[in-house]
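# Reading the structure
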Amino acid sequence: MEQRPGHAARDGGQSVPFTLAEEYESYEAALADGDSVTLLTWWRGEPVGGVELDVTGPEADAVEIAYWLVPEVRGEGLARDAVATLLDYAFDEFGAHRVHAEAFAFNEASARLLGALGFTNEGRLRENHFADGRYYDTLVFGLLADER
C-alpha cells in the first residue's frame, strides 16, 4: 500500500491547500466558464466540501466528476449523497453518455464509494500525480449511462 501524502495533496488530488475564500473563488471561476456544474457540500450550516462535474468530451456527452470533503465529516454519507445527486443530473438532465472519475490509489474509501455507485475500475495511471515530493498512482473509473 502506498504511503498517504500530507495535507498538501488532498485525497481528491489537489496539490495545494485552499483557504475557504480561495475555494469560493475556484467555484466562481468554474461557474463562469459554463462547462461545469459545481456544488458546495454543507453540513450543519457550514461548507465542508464540494462536488464538480466538468465537460470532457467534444460532444459534451462525456463528463468528469470530482469531489472532496474535509476529514472531520468523512463517513457521514455526504460524499455519496453529493456524487449521486450530480450523477443523476449528469445522466438525466445533461444527457451524458459517460462519467469519468479518478481517485488516488491509496484512497480506498473513495474507490469504494465509486464502486458502490456503479462505477467500473478501468485502470491505474502509474505515478501520474506529483505531490509532497513524490509520485502517486491514480485509479481511473467510468460509468456509462446504460450501466445505471
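To be clear, the structure that these remarks concern was listed above.
Attention in this report is confined to the structure presented alongside it.

Parameters at a glance
- Residues numbered from 1 in each chain as written.
- Predicted model: local features only at pLDDT ≥ 70, side-chain atom pairs only at ≥ 80, totals over all residues.
- Heavy atoms only, no water.
- Helix = DSSP H or I, 4+ residues; strand = E, 2+ residues; numbered from the N terminus.
- Buried < 20%, exposed > 50% of the residue type's maximum accessible area, 1.4 Å probe, protein only.
- Areas by Shrake-Rupley, 256 points an atom, 1.4 Å probe, with all protein chains shown as cover.
- Pairing = 2+ DSSP bridges.
- Salt bridge = Lys/Arg side-chain N within 4 Å of Asp/Glu carboxyl O.
- Axes fitted to C-alpha atoms, helices over the stretch in contact; angles between N-to-C directions.

Moving on to the overall build of the chain. Helix and strand content of the chain: 3 helices and 6 strands. Overall, the chain shows an N-to-C arrangement of helices and strands of α-β-β-β-α-β-α-β-β. Across the 148 residues in the chain, those meeting the buried criterion constitute 39%. Total accessible area computed for the chain in this model is approximately 8,400 Å², and 50% of it derives from carbon and sulfur atoms.

Okay, the pairing of strand 5 (residues 120-131) next. Examined bridge by bridge, strand 5 and strand 6 (residues 134-144) share 8 bridges and lie antiparallel to one another. Counted as the bridge partner of Leu125 is Thr138 from strand 6. The turn linking strand 5 back onto strand 6 is made up of 2 residues, and Asp132 within it adopts a positive phi angle of 55°.

Further remarks concern unusual backbone geometry. Although it is not a glycine, Glu127 adopts a positive phi angle of roughly 45°. By secondary structure assignment, the location of Glu127 is in strand 5. Relative accessible area serves as the criterion here: at 52%, Glu127 is assigned to the exposed category. Phi at Asp132 is positive, roughly 55°, even though this residue is not glycine. The partly exposed category is assigned to Asp132, whose relative accessible area is 41%.

Below, the discussion takes up the pattern of salt bridges. For the structure on display, the rule yields 4 salt bridges. For Arg98, the salt bridge is made with Glu122, and the minimal N-O distance between the two is 2.8 Å. Separated by 24 residues along the polypeptide, Arg98 in strand 4 (residues 98-104) and Glu122 in strand 5 bring together distant segments of the chain. Judged by its relative accessible area of 22%, Arg98 is partly exposed. Linked through salt bridges whose partners overlap, the residues forming this network are Asp88, Asp92 and Arg148.

Strand order in the open sheet formed by 6 strands is 1-2-3-4-6-5, with mixed pairing between adjacent strands. Single-partner strands in this sheet number two, and they are strand 1 (36-43) and strand 5. On average, adjacent strands in this sheet sit at an angle of 25° to one another, irrespective of strand direction. As paired elements, strand 2 (residues 46-55) and strand 3 (residues 62-69) share 7 bridges and run antiparallel to each other. Residue Gly49 lies in a different strand from strand 3, and its bridge partner there is Leu69.

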